[in-house]
Every structure is written in C-alpha cells, then in structure tokens.
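Chains, contacts and geometry: an overview
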Amino acid sequence: MDDLKNTCLEDASLEKEWMITIQTPVQGLERLLEALRKSLDLKQGHYDCCLQVTGPGEQQFRALAGSHAGAEHTLQSVTVVDVTISIAPDELLLKRAFSVIFENHVHEDPTIRVSECWGSRSKYSGDKNNPNKYWNRPDAAEVHGRTVSQHRSK
C-alpha cells in the first residue's frame, strides 16, 4: 500500500497518516474536543481543528479488580460518541496525542484505536464555479456548518 504516495490523482494527492478513534461518554466530549484542538495540530490542507464526532452509540463494560471502581458484579452501559482525528505518522506526535487523551478523558482506560491509512489532500484545482461546492449552493450556510467555537490563528 506504500505505492499510493505516487498515485497520480487529478484533484488530490494522498498522504500517509495515523487515524486515531477515541470512544468517550457524551458527558466528557466537550473537554476532550477542546484539549485536542488546543494541543494538537489537526490540519488538513488549508483547514485546522479537523476532527469528526460520530454517534451516539453504547459502550458496555464490567469493572474488574485493579480498576478504580474495583471488582463490580454488574455490567455497565454508557452512551458514547467516537472522536476521530488524523495525525502525521510520527511517534512523538502519537505520544503527545495519547498524553492529551489520557489527561482529558473521563475513563481511566479509554478505548482508543490507531490505524495507518491514507488521507486525501485537495490540489485546490480552481473549481470555484462548480455548482456542487457549498459556496455556490442555496443552502451554503447549512452545508458550511454552524460555529461551535471561536479560535484565533496560530
């Protein structure tokens, strides 16, 4: 799969990246998102603070001896969402991401998955008049999204 770096695409290029998916209870979501945005360079082309939140879903578990809760005899269920970020494939950056996650996650043993993958990067090929682009659509404000936070350029 390493040969994708040289794949010739008209509108995009491909970059190797590590995709990190973190399951978090909804009650801990905002703190985790804020910490990820402030601590990591989550860039994709001409955009930063790039992450995805999907869900909700259900996470189930039973605490065993050695956990903060101690051995429990009940199965617990909590509503969770998945937060997905992408970082450059760099061990120091991965260590930093894990430090941020563990410091700001509500669970003592967060569910985190790391996958190696390829992400696309636009060549910004001058399609400004394309009627399918959000800025040319009548529903541009909805497609572009709602403001969730104010940030100053770094």
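Provided above is the structure to which this section pertains.
One structure accompanies this document, and this report is about it. (Residues numbered from 1 in each chain as written. Predicted model: local features only at pLDDT ≥ 70, side-chain atom pairs only at ≥ 80, totals over all residues. Heavy atoms only, no water.)

This part is about helix α1 (residues 29-39). Buried residues of α1: L29, L32, L33, A35, L36 and R37, and no others. If you follow the buried residues of α1, they end up packed against β1 (12-25), β2 (52-61), β3 (76-87) and α2 (91-104). (Buried < 20%, exposed > 50% of the residue type's maximum accessible area, 1.4 Å probe, protein only. Helix = DSSP H or I, 4+ residues; strand = E, 2+ residues; numbered from the N terminus. Contact = heavy atoms within 4.5 Å.)

A few words on the pairing of β1. Relative to strand β4 (residues 111-122), β1 is paired through 12 bridges, and the arrangement is antiparallel. The residue of β4 that forms the bridge with K16 is W118. Summarising the sheet, β1 and β3 pair through eight bridges and their orientation is antiparallel. Paired with Q23 across the two strands is D82, which belongs to β3. (Pairing = 2+ DSSP bridges.)

Turning to the pattern of salt bridges, a few remarks are in order. Think of it this way: side chains of opposite charge can pair up when their charged atoms draw near. The tally for this structure, following the rule as stated, stands at five salt bridges. In this structure, R121 and E17 form a salt bridge, with 2.6 Å as the shortest nitrogen-oxygen distance. Pair noted here: R121 is in strand β4 and E17 is in strand β1, with a separation of 104 residues, a long-range link. Across the pair, E17 and R121 agree in class, each one buried. Here E91 makes a salt bridge to K95, at a shortest N to O gap of 3.5 Å. On the criterion of helical spacing, the pair formed by E91 and K95 is a turn pair, its members being four residues apart in helix α2. One salt-bridge network, in which partners are shared between bridges, spans E15, E17 and R121. (Salt bridge = Lys/Arg side-chain N within 4 Å of Asp/Glu carboxyl O.)

Let's shift gears to the nonpolar core. Counting 19 residues, the largest nonpolar core has I20, I22, L36, V83, I85 and I87 as the members making the most contacts within it. Elements supplying a minimum of two residues to this core: β1, α1, β3 and α2. In terms of residue count, the dominant contributor to this core is α1 (five residues). With residues up to four places along the chain from it excluded, the contact list for I85 reads W18, M19, I20, L36, L40, L42 and L51. (Core = buried A, V, L, I, M, F, W, Y, C linked by side-chain atoms within 4.5 Å.)

Orientation of α1 relative to α2, taken along the N-to-C sense of each, is 150°, at an axis distance of 9 Å. When the interaxial angle is binned, α1 and α2 end up roughly antiparallel. Crossing geometry of α1 relative to α2 is assigned as right-handed. Facing α1, whose interface residues are R31, L32, A35, L36 and S39, α2 presents R96, V100, I101 and N104. Looking at the contact of α1 with α2 residue by residue, the class counts come to five nonpolar, two polar and two charged. (Axes fitted to C-alpha atoms, helices over the stretch in contact; angles between N-to-C directions. Parallel < 35°, antiparallel > 145°, perpendicular 65-115°, else oblique. Left-handed = near helix turned anticlockwise from the far one by under 90°. Nonpolar A, V, L, I, M, F, W, Y, C, P; charged D, E, K, R; others polar.)

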